[in-house]
Number of protein chains: 2
Amino acid sequence: MTSRRQLRLGAFMRPVSIHTGAWRWPGAQADANFNLRHLTRYIQKLEAGKFDAFFMADHLAVLNMPIEALRRSHTVTSFEPFSLLSALAMVTERIGLIATASTTFDEPFHIARRFASLDHISEGRAGWNIVTTSNPDAALNFGRDSHMDHGDRYRRAREFHDVVTGLWDSFADDAFIRDAESGLFFDPERMHRLNHKGEYLSVRGPLHIARPVQGWPVIVQAGASEPGRQLAAETAELVFAAPSTLAGARSFYADVKGRMDRLGRPRDHLKILPAAFVVVGDTVEAARQKRLKLDSLVHYESAIASLSVALGHDASGFDPDGPLPPIPETNDSKSSRERVIELAEREGLSVRQLAQRLGGYAGLSFVGTAQTIADEMEQWLETEGSDGFNVMFPWLPGGLDDFVDQVVPELQRRGLFRTEYEGRTLRENLGLPRPANRFFAAPAG
Amino acid sequence: MTSRRQLRLGAFMRPVSIHTGAWRWPGAQADANFNLRHLTRYIQKLEAGKFDAFFMADHLAVLNMPIEALRRSHTVTSFEPFSLLSALAMVTERIGLIATASTTFDEPFHIARRFASLDHISEGRAGWNIVTTSNPDAALNFGRDSHMDHGDRYRRAREFHDVVTGLWDSFADDAFIRDAESGLFFDPERMHRLNHKGEYLSVRGPLHIARPVQGWPVIVQAGASEPGRQLAAETAELVFAAPSTLAGARSFYADVKGRMDRLGRPRDHLKILPAAFVVVGDTVEAARQKRLKLDSLVHYESAIASLSVALGHDASGFDPDGPLPPIPETNDSKSSRERVIELAEREGLSVRQLAQRLGGYAGLSFVGTAQTIADEMEQWLETEGSDGFNVMFPWLPGGLDDFVDQVVPELQRRGLFRTEYEGRTLRENLGLPRPANRFFAAPAG
């Protein structure tokens, strides 16, 4: 069984959940945004479940939403990812710690240094989720009136990646001698000054921190656009995807891995993990009812706005408890409308239930028993829809406990998921190579 | 005894020590720059000694020094302060955590968020050492060819402080309701959008993190220039000073506290802590010998360069083992030359010893027994030379242990220093008020 292709599991974390109604669930830890004890418990449970990584989602502004949705949203505030992950490094030993950092609104010197430091503190468990930050509200928090356009953002991101990885290579792995007898602390011949001058960035270096334990922290990406896919194929080692169907996922998977083939990168040097919202029940019907109950905690007034946007049609006059009425064609996004109509029909949802689904969380979901969820995950893995999943828990801690206590053992029983961590670092556990230093040969011997 | 004015003690930390020869001391932890276990031990020892704060010094570049000094220097690399202090927050309970952050090379939105997060993680123990970063090498790491001039740096720092503190006040302390029944998570009426547009900065806000536990993290400053003193008098709550004599310290103290009088700020809302390098021995002579031994670990070739700079005269031809010969007058800094000549005479130092003193650490030092050191500290406190000290340990862990095990009990015996922490937060322990939110009245009751 050990020769089976292995699933990789990340945990996509918002402290309370991605679902907007989750904080109202009975027993949910609604104060988790600023309660470190809760987050300590979550990550320790994930580590007990042998998860590859704890992935801290992030934004650089209060999200722009209508006031009725905003005042009901637990996503408005939370810890900053770096300080949080450094703290959580102290209460865990093996799980990876992935922080999101923006190439548009930060400096490569700061980013390189902070990730290197997190990698030293965690003894090799850091990962950098590279985002270009598309939220225009963020620009206003950083002294910019207008947002950088999409192409510029991606060209800058590529250059930013090269500068950060170049800074990580400032010191050879064996630069520090610390010979008390001779008084030589390090060998300046084994220190490199980057002297980068590019289109967007100018950075001299060297970075004043030893090379990260992993050489480079693991490089993570989430962009699905054309330049996003290319950046991922060139640089990423983990990709967080957001497909809504297996067919869409397979097409994305084939595209990105095909780009890697053309670049001469081995396919298994990049793991593609779609986000999956997972609700576990003793029966499939029990899981569906749990989800409907969770959705029902989303405020209807704010949910109906989500439905109107998705349909391209004002839904506020619809009978909340009736079925979705026929929607006239418009010029708005047809695929979004069709997906919503198809969802309502497939699950037999009322207007209210449909609106609350969209207002709660509408992405890819696995709702069922540990067996049916493992079946779906196995199917995705074996048909090259993904290399694993970035799991979203419907509420915390209950939904997380259900996954670790029920789904993980089923995956392990099938030989699809580890029962012990393979190594000490995130790279070792993901089966990724340690990058060579581009400026220095490895120490002899 | 409890009514005596109390000393405040910070620990000025470079992981290996400020002294350039310290890593060669027998038993010194030369790998402390990247050894978190050592730093955990240090901070726990400081907390056992009831220190007010652990102060993490910082730079934004490899320091510019001649190659002979550089290759022998343990200061070339270390952890980044934020990730380190967030990690150390998890292994301590009461000691304050002060990070250095630059107003010249970072964004106020990032700085405000990171300190707020550290304050939440540490349950109210964060402090921000505001620096304007005078090192021109740092500019080259952040895409700038030339450094901002001194006046500009300080005007920007003042505006930066106002923006950061304004962002900390984005949410009223009672903004988060989390009423599961009604579904209201927070009250948008209790959220403030800063909309700052100033000379140097433009930041909309709100900051997407709840108000720090302390309202604002403690504001720390170290500048001694005219604009630095004024900024301190206006905004700082701790000042790290670097006087070389008690007379100079008293003059600085009177000047800054006088500025506070004129601004209407109570004098005890700012604590002035000179940096003090402390070497403890069983006798005064034993302490002096320890220091000479430590200094002797500084490489002579690099030390003699420091002596030449201080004298304004090439010292490389002097007899290392002879006394300092007469130095002709030059146009270079007379006060620096006179201080060096006076030091050599007072302590009877050879040229080698003098050079190694300057190359090791040449600032204010207390070298003696626990009693004589406590005498000096008491004198400084009682003659308004300071409100306490930012202690530098000659090497670690030995020099730190000597201070905590010998000097702290002597200070406690005299009623000059706490035997238990007074409160939970850094503000409570320093006796500083919690700032009111400038946009919202405190909750009723």
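Values in this document were obtained by computation on a predicted structure and should not be read as measured data. The residue count restarts for each chain, going from 1 along the sequence in the order it is written. Working convention: letters from A go to chains and numbers from 1 go to ligands, in the order in which they are written. Owing to the predicted nature of the model, reporting of local features is limited to residues with pLDDT of at least 70; listing and counting of side-chain atom pairs is limited to 80 or more, with chain, interface and lining totals taken over all residues. Side-chain metrics rest on all non-hydrogen atoms present in the structure, leaving aside hydrogens and water.

1. Things to note about the overall build of chain A
Thinking step 1. Helices and strands together make up the secondary structure of chain A, namely 15 helices and 13 strands.
Thinking step 2. Across its three principal axes, chain A shows a C-alpha extent of roughly 85 × 55 × 45 Å.
Thinking step 3. Note on exposure labels: buried denotes an accessible area under 20% of the residue type's maximum, exposed denotes more than 50%, and partly exposed covers the range between, all computed with a 1.4 Å probe on protein chains only. The burial tally for chain A puts 62% of its 445 residues in the buried class.
Thinking step 4. Contacts in chain A between residues at least 24 apart in sequence constitute 77% of all its contacts with a sequence separation of at least 6. For helices the rule is a DSSP run of H or I covering at least 4 residues; for strands it is a run of E covering at least 2, with both sets numbered from the N terminus onward. Any two residues whose heavy atoms approach within 4.5 Å at even a single point are treated as in contact.

2. As for the domain arrangement of chain A
Residues and elements named next belong to chain A.
Thinking step 1. Domain start and stop positions are those given by an automatic or database domain assignment. Annotation of chain A at the domain level lists domain 1 (8-168 + 207-279 + 369-430) and domain 2 (289-359).
Thinking step 2. Each of domain 1 and domain 2 has a C-alpha centre, and the two are 29 Å apart.
Thinking step 3. Facing 16 residues of domain 1, the contacting portion of domain 2 comprises 11 residues.
Thinking step 4. By buried area we mean the combined loss of accessible area, with a 1.4 Å probe, across both parts when two parts are placed together. Of the roughly 1200 Å² buried between domain 1 and domain 2 on both sides combined, carbon and sulfur atoms contribute 69%.
Thinking step 5. When the area that domain 1 buries against domain 2 is broken down by residue, the three leading residues are His-19, Arg-24 and Trp-25, summing to 37%.

3. Re the relation of the copies chain B and chain A
Thinking step 1. Note on the identical chains: chain B maps onto chain A by a rotation of 180 degrees and an axial translation of 0.0 Å, with an RMSD of 0.0 Å. Considering both components of the superposition, the chain copies are consistent with a two-fold axis. When C-alpha positions in chain B are compared against the rotation axis, the closest is assigned to Ala87(B), at 2.2 Å.
Thinking step 2. Same-surface contact between copies: 100% of interface residues of chain B are shared with the interface of chain A. When the copies are overlaid, the least-squares fit takes in C-alpha atoms only where the residue has pLDDT of at least 70 in both copies.

4. Description of the environment of Ala286(B)
Residue and element names in this part refer to chain B.
Thinking step 1. Tracing the backbone through its elements, the reader meets Ala-286 in helix H9 (residues 284-295).
Thinking step 2. We classify Ala-286 as partly exposed; its relative accessible area is 31%.
Thinking step 3. For the pair Ala-286 and Tyr-42, spaced 244 residues apart in sequence, the C-alpha to C-alpha distance is 24 Å.

5. A closer look at the interface of chain B and chain A
Thinking step 1. Every contact between the two is made by 73 residues of chain B and, on the other side, 73 residues of chain A.
Thinking step 2. Summed over both sides, the interface between chain B and chain A buries roughly 6300 Å², with carbon and sulfur atoms accounting for 62% of that surface.
Thinking step 3. By definition here, a salt bridge exists when the distance from a side-chain nitrogen of Lys or Arg to a carboxyl oxygen of Asp or Glu is within 4 Å. Linking chain B to chain A there are 4 salt bridges.
Thinking step 4. In this structure, Arg113(B) and Asp58(A) form a salt bridge, with 2.4 Å as the shortest nitrogen-oxygen distance.
Thinking step 5. Any pair of nitrogen or oxygen atoms within 3.5 Å is treated as a polar contact; in protein, a donor-acceptor pairing is required on top of that, and neighbouring residues in sequence qualify only through side-chain atoms on both sides. At the boundary of chain B with chain A, the tally comes to 32 residue pairs in polar contact (both at pLDDT 80 or more).

6. A short note on the side chain of Asn33(A)
Thinking step 1. Inspection of the secondary structure puts Asn33(A) in the loop between strand S1 (8-13) and helix H1 (36-48).
Thinking step 2. Among the polar contacts made by the side chain of Asn33(A), one reaches the main-chain carbonyl oxygen of His74(A) at a distance of 2.8 Å.
Thinking step 3. Beyond its immediate stretch of four places on either side in the chain, Asn33(A) contacts Pro15(A), Val16(A), His74(A), Thr77(A), Ser78(A), Phe79(A) and Phe185(B).

7. Focus on helix H13 (residues 370-382) of chain A
All names here are of chain A.
Thinking step 1. For a helix, the expected span equals 1.5 Å multiplied by the residue count minus one. In this model, H13 (13 residues) spans 18 Å end to end at C-alpha, consistent with the 18 Å of a helix rising 1.5 Å per residue.
Thinking step 2. Regarding H13, the residues found buried are Ala-370, Ile-373, Ala-374, Met-377, Glu-378, Trp-380 and Leu-381. Relative to the axis of H13, the buried residues are bounded by an arc of 160 degrees and lie together on one face.
Thinking step 3. Phi turns positive, to about 55 degrees, at Glu-384, one or two residues after H13. It is the directions from the helix axis to the C-beta atoms that the arc portrays.

8. A word on the pairing of strand S12 (residues 365-368) of chain A
Residue and element names in this part refer to chain A.
Thinking step 1. Side chains of S12 alternate between two faces, with Phe-366 and Gly-368 buried and Ser-365 and Val-367 left unburied.
Thinking step 2. Two strands make a pair as long as DSSP finds a minimum of two bridges between them. As defined by bridge partners, strand S11 (residues 271-280) adjoins S12 across 4 bridges and the pair is classed as parallel. Considered in S12, the bridge of Val-278 is made with Phe-366.

9. Side note on the pairing of strand S5 (residues 176-179) of chain B
All names here are of chain B.
Thinking step 1. As paired elements, S5 and strand S6 (residues 184-186) share 2 bridges and run antiparallel to each other. In the sheet register, Asp-179 faces S6, and the bridge partner there is Leu-184.
Thinking step 2. Two successive antiparallel strands, S5 and S6, enclose a turn made up of 4 residues, where Gly-183 displays a positive phi of approximately 85 degrees.

10. Let's talk about unusual backbone geometry
All names here are of chain A.
Thinking step 1. The amide bond that connects Leu-396 to the next residue, Pro-397, takes the cis arrangement and shows omega of 5 degrees.
Thinking step 2. Inspection of the secondary structure puts Pro-397 in the loop between strand S13 (388-392) and helix H14 (398-413).
Thinking step 3. The backbone of Ser-17 shows a phi angle near 140 degrees, a positive value even though the residue is not glycine.
Thinking step 4. Turning to its location among the elements, Ser-17 is positioned in the loop between S1 and H1.
Thinking step 5. Classification of Ser-17 by relative accessible area gives buried; the value is 2%.

11. Looking at helix H7 (residues 226-235) of chain A
In an α-helix there are 3.6 residues to a turn, and that puts residues three or four apart on one side.
Thinking step 1. Listed in full, the buried residues belonging to H7(A) are Gly228(A), Leu231(A), Ala232(A), Ala233(A) and Thr235(A).
Thinking step 2. Close packing links the buried residues of H7(A) with helix H6 (150-168), strand S9 (218-221), strand S10 (238-241) and helix H8 (246-263) of chain A.

12. Some thoughts on the packing of helix H4 (residues 108-121) of chain A against helix H3 (residues 81-89) of chain B
Thinking step 1. At their nearest, the axes of H4(A) and H3(B) sit 8 Å apart, and the two run at 35 degrees to each other. Where H4(A) abuts H3(B), its residues Arg113(A), Arg114(A), Ser117(A), Leu118(A) and Ile121(A) lie against Pro81(B), Ser83(B), Leu84(B) and Ala87(B).
Thinking step 2. For this classification, Asp, Glu, Lys and Arg are treated as charged, while Ala, Val, Leu, Ile, Met, Phe, Trp, Tyr, Cys and Pro are nonpolar and the rest, including Gly, are polar. Residues that form the contact of H4(A) with H3(B) fall into these classes: 5 nonpolar, 2 polar and 2 charged. In this analysis an axis means a line fitted to C-alpha atoms, helices contributing only their contacting stretch, and an angle means the value between N-to-C directions, from 0 to 180 degrees.

13. Some details on the UniProt feature "binding site: FMN" (unreviewed entry) in chain A
Thinking step 1. Within this numbering scheme, the UniProt entry marks Asp58(A), Thr100(A), His150(A), Tyr154(A) and Ser225(A) as carrying the feature "binding site: FMN" (unreviewed entry).
Thinking step 2. Note on placement: Asp58(A) falls in the loop between strand S2 (53-56) and helix H2 (67-70).
Thinking step 3. Among the residues examined, Asp58(A) registers a relative accessible area of 18% and is labelled buried.
Thinking step 4. Reaching out from Asp58(A), the side chain makes a polar contact with the side chain of Arg113(B) at a distance of 2.4 Å.
Thinking step 5. With respect to the helices and strands, Thr100(A) occurs in strand S3 (residues 96-102).
Thinking step 6. Among the residues examined, Thr100(A) registers a relative accessible area of 8% and is labelled buried. UniProt positions are given in the numbering used here, feature names are shortened, and annotations may be inferred rather than shown by experiment.

14. Topic: the packing of helix H10 (residues 300-311) of chain A against helix H11 (residues 334-347) of chain A
All names here are of chain A.
Thinking step 1. The geometry of H10 relative to H11 is characterised by a closest axis approach of 7 Å and an angle of 125 degrees between their N-to-C directions. The angle between H10 and H11 places the two elements in the oblique class. On H11, the residues that touch Leu-307, Ala-310 and Leu-311 of H10 are Ser-336, Arg-337 and Val-340.
Thinking step 2. Its residues placed into classes, the contact of H10 with H11 shows 4 nonpolar, 1 polar and 1 charged. Orientation categories follow fixed angle ranges, with anything under 35 degrees roughly parallel, anything over 145 roughly antiparallel, 65 to 115 roughly perpendicular, and all other angles oblique.

15. Quick look at the environment of Pro66(B)
All names here are of chain B.
Thinking step 1. Here Pro-66 shows up in the loop between strand S2 (53-56) and helix H2 (67-70).
Thinking step 2. The exposed category is assigned to Pro-66, whose relative accessible area is 54%.
Thinking step 3. On a C-alpha basis, the gap between Pro-66 and Lys-334 in space is 24 Å, while along the polypeptide they are 268 residues apart.

16. A closer look at the side chain of His120(A)
Thinking step 1. With respect to the element layout, His120(A) can be found in helix H4.
Thinking step 2. Once you skip the residues sitting within four places of it in the chain, His120(A) turns out to touch Ile209(A), Ala210(A), Arg211(A), Pro212(A), Val213(A), Phe34(B) and Phe79(B).

17. With respect to the packing of aromatic side chains
Thinking step 1. The pairing test for Phe, Tyr and Trp rings, Trp by its six-membered ring, is centres within 6.5 Å, and the orientation test on the planes gives stacked under 30 degrees, edge-to-face over 60, and tilted for anything in between. Evaluation of the coordinates by the stated rule reveals 44 aromatic pairs over all chains.
Thinking step 2. Each ring, one from Phe82(A) and one from Phe115(A), has its centre 4.7 Å from the other, and the planes form 75 degrees; the classification is edge-to-face. With Phe82(A) in helix H3 (residues 81-89) and Phe115(A) in helix H4, this pair connects stretches of sequence that are 33 residues apart. The same class applies to Phe82(A) as to Phe115(A), namely buried.
Thinking step 3. Their ring planes at 65 degrees and their centres at 5.7 Å tell us that Phe51(B) and Phe403(B) sit as a pair that is edge-to-face. Here the residue Phe51(B) occupies a position in the loop between helix H1 (36-48) and S2, and Phe403(B) occupies one in helix H14 (residues 398-413), the gap between them amounting to 352 residues. We note that Phe51(B), like Phe403(B), is buried.
Thinking step 4. Here the aromatic cluster, defined as three or more aromatic residues joined through ring pairs, consists of Trp23(A), Phe171(B), Phe176(B), Phe185(B) and Phe186(B).

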